[in-house]
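This is what each chain is made of:
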Amino acid sequence: LSIVLGAFMKEERFMEGVQFAEKETAEGRDVDTRMYFKMVKMYATLGATYRPNRIRYWMRKAENVEHMMKPKLFRASMQTLAELGDSVGLCESMEARFKRFELKEESSFTRIQRSRVLSSMLATSCLEALIRKSNASGISKWVKMMKDCGTNVRAGAKEDILEACKQTSENSNWTESEFKEIIKDLQAVMPVDDRGHESQAN
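Residues numbered from 1 in each chain as written. Predicted model: local features only at pLDDT ≥ 70, side-chain atom pairs only at ≥ 80, totals over all residues. Heavy atoms only, no water.

Quick look at the environment of Leu103 now. Locating Leu103 in the fold gives a position in helix α6 (residues 87-105). Considered as a pair, Leu103 and Thr45 are 58 residues apart in the sequence and their alpha carbons are 29 Å apart. (Helix = DSSP H or I, 4+ residues; strand = E, 2+ residues; numbered from the N terminus.)

Set out below in structure tokens:
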């Protein structure tokens, strides 16, 4: 099955590939572990164009096998979830990733180790996508994940984030209180330098 999927990928027939694989697995065909990663890759490539909720399912499968997703594939799939506004999927996938590392290291993860896995680049790009989707509760969930990991918004991105929130607020159905709550949440994960400048300015 994995070899057949590889052929679909080579020809960039991603939609046909996932349709074929979903049908085969639904009929109980044996799956080899490499297929999980290929499914994640194809769904990440398709993004929101075809059954977007399935990427979360295949990511869960992929993170439960003995080999972990390579960082590049993990980042691409997380970005897809963020662009779909799927904050639950983002947080679940992040927790699954931490568990995989803990199993590998045979010890529980410290906050510093978590912040290395959830880098500021990945956290910020996912946050920006959630803001674009005007997903208020999703933003709060993701910011909490960032806080729990001690991961801040990447340096220099503060103004862009706040501007994106302002624009989204104007174009969406956020209430005034929701907007204020989001801005308050975001202050806790702003880069230290940016927070410092702000407190000095005040």
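Scanning the entire structure with this criterion turns up 0 disulfides. Looking at Cys126, it has no disulfide partner, and the nearest cysteine sulfur is the one in Cys91, 9.7 Å off. We classify Cys126 as buried; its relative accessible area is 0%. Unpaired in this structure, Cys149 has its nearest cysteine sulfur neighbour in Cys91, at a distance of 9.2 Å. (Disulfide = S-S within 2.5 Å. Buried < 20%, exposed > 50% of the residue type's maximum accessible area, 1.4 Å probe, protein only.)

Before going further, it helps to examine α6. Between its first and last C-alpha atoms α6 spans 27 Å; for 19 residues at 1.5 Å apiece the expected length is 27 Å, and the two agree. Regarding α6, the residues found buried are Ser87, Gly89, Leu90, Cys91, Ser93, Met94, Arg97, Phe98, Arg100 and Phe101. Of the surrounding secondary structure, the elements contacted by the buried residues of α6 are α4 (54-63), α5 (71-83), α7 (111-117), α8 (120-132) and α9 (136-149). One or two residues past the end of α6 sits Glu106, with phi positive at roughly 60°. (Expected span 1.5 Å × (residues − 1). Contact = heavy atoms within 4.5 Å.)

Here we come to the packing of aromatic side chains. Within the structure shown, the criterion is met by 5 aromatic pairs. Judged by centre distance (5.9 Å) and plane angle (40°), the ring pair of Tyr36 and Trp58 falls under tilted. You can see Tyr36 sitting in helix α3 (residues 33-46) and its partner Trp58 sitting in helix α4, a full 22 residues away along the chain. Take Tyr36: its relative accessible area is 14%, and that puts it in the buried class. Through a chain of ring-to-ring contacts, three or more aromatic side chains come together here, namely Tyr36, Tyr57 and Trp58. (Phe/Tyr/Trp six-rings, centres within 6.5 Å; stacked < 30°, edge-to-face > 60°.)

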